[in-house]
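Remarks on the overall topology
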Amino acid sequence: MSTPHYVTLADGQMRVWRSGSGPDLLVLPGLIEAASVCADRLAIALPGWTITALDLPGTGGSVTCWAEDIAGLARLIAEAAGRLGLPTCPLLAFDLAAALARAQQEDKPIFLSI
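Overview of the structure. This is a predicted model, so every value here is computed, not measured.

1. A closer look at the side chain of Thr50
For Thr50, the location among the structural elements is in strand S4 (residues 50-54). Thr50 gets classed as buried once you look at its relative accessible area, which sits at 14%. Side-chain polar atoms of Thr50 contact the backbone oxygen of Gly22, separated by 2.9 Å. Filtering out sequence-adjacent residues up to four positions away, Thr50 remains in contact with Ser19, Gly20, Ser21, Gly22, Pro23, Asp24 and Leu25.

What follows is the structure, encoded as structure tokens:
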């Protein structure tokens, strides 16, 4: 079962859910699945990975942080990942969050997108 954590950012807090153990996998669950459910589902499907699923800015436990555009949202995600101490790691994005994964690569390629 995933465990919630809160990351304090310059513009608010972001909630993340962690489950499993092993190399890091950062997950952007999209808008149709709760991050906690996504983390649990992937921890079962991908044993041997530490799954970190973010409540996207403006949703769930991340309602206090927001940006006006995709680039701003991508910066918030990168800031959260940095404060979590995540090394360069694979990034998995679902449905509408794929645009954020793409923006991560364009702005500052700190993640390897799978």
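Next, the rest of the story.
2. Some words on the pattern of salt bridges
Tallied over the entire structure, the rule returns 3 salt bridges. Measuring nitrogen to oxygen at the nearest pair gives 2.8 Å for the salt bridge that ties Glu33 to Arg41. According to the relative accessible area criterion, Glu33 is partly exposed, its value standing at 21%.

3. Overview of helix H2 (residues 70-83)
If you check H2, its first and last C-alpha atoms are 20 Å apart, about what 14 residues at 1.5 Å a residue would give, namely 20 Å. Among all positions of H2, only Gly72, Leu73, Ala74, Leu76, Ile77, Ala78, Ala80 and Ala81 are buried. One or two steps after H2, the chain reaches Gly85, where phi turns positive at roughly 75°.

4. Description of the environment of Ala35
Looking at the element boundaries, Ala35 is found in helix H1 (residues 35-45). As a C-alpha pair, Ala35 and Arg15 span 20 residues in sequence and 9.1 Å in three-dimensional space.

5. Some thoughts on a nonpolar patch on the surface
A cluster of nonpolar side chains, Leu31, Ile32 and Leu96, forms an exposed patch at the surface whose accessible area comes to about 380 Å². Topologically, Ile32 is positioned in the loop between strand S3 (24-28) and H1.

6. Section: the packing of aromatic side chains
According to the stated counting rule, one finds 0 aromatic pairs in the structure shown. The ring of Phe94 has Arg41 sitting right over it, with the charged end atom 5.3 Å from the ring centre.

7. Quick word on the pairing of S3
Counted residue by residue, S3 has 5 buried out of 5 residues, so it is predominantly covered. Burial of S3 is two-sided: the residues Asp24, Leu26 and Leu28 facing one way and the residues Leu25 and Val27 facing the other way are all buried. For S3 and S4, the ladder comprises 4 bridges, and the chain directions are parallel. Each residue of the ladder has a partner; that of Leu26, found in S4, is Thr52. Assessed by its sense of winding, the connection that carries the chain from S3 through H1 to S4 is right-handed. By the bridge criterion, 3 bridges tie S3 to strand S5 (residues 90-93) in an arrangement that is parallel. Directly across from Leu28, in S5, lies its bridge partner Ala93.

Rules behind the numbers
Along every chain, residues carry numbers that run from 1 in the direction the sequence is written. pLDDT decides what is reported in this predicted model: residues at 70 or higher carry local features, side-chain atom pairs at 80 or more are listed and counted, and totals for whole chains, interfaces and linings draw on all residues regardless. Working from all heavy atoms in the structure, the side-chain values ignore hydrogens and water. Think of it this way: any DSSP run of H or I at least four residues long counts as a helix, any run of E at least two long counts as a strand, and we number them from the N terminus. Burial status follows relative accessibility: with a 1.4 Å probe on protein chains alone, a residue under 20% of its type maximum counts as buried, one over 50% as exposed, and anything between as partly exposed. What qualifies as a polar contact is a pair of N or O atoms within 3.5 Å, subject to a donor-acceptor requirement within protein and to the restriction that residues adjacent in sequence count only when both atoms come from side chains. Residues count as neighbours in contact if any of their non-hydrogen atoms are within 4.5 Å of one another. We define a salt bridge as a contact between a side-chain nitrogen of Lys or Arg and a carboxyl oxygen of Asp or Glu at a distance within 4 Å. Helix span, expected: 1.5 Å multiplied by one less than the number of residues in the helix. Residues forming no salt bridge and having over 30% relative accessible area are the ones grouped into patches, like charges within 9 Å of each other and nonpolar side chains (Val, Leu, Ile, Met, Phe, Trp, Tyr) within 5 Å. For the accessible areas, the method is Shrake-Rupley and the probe is 1.4 Å, while residue cover comes only from the protein chains on display. Working definition: a ring pair exists when centres of Phe, Tyr or Trp rings (six-membered ring for Trp) sit within 6.5 Å. Plane angles under 30 degrees give stacked, over 60 give edge-to-face, the rest tilted. The rule is short: NZ of Lys or CZ of Arg within 6 Å of the ring centre and within 35 degrees of the ring normal puts a charge over the ring. One bridge is not enough; two strands pair if DSSP finds at least two bridges between them. The definition of a right-handed crossover adopted here requires that, viewed with the strands pointing away, the path from the first strand over the helix to the second runs clockwise.

Function cannot be inferred from these measures alone, as they are strictly geometric.
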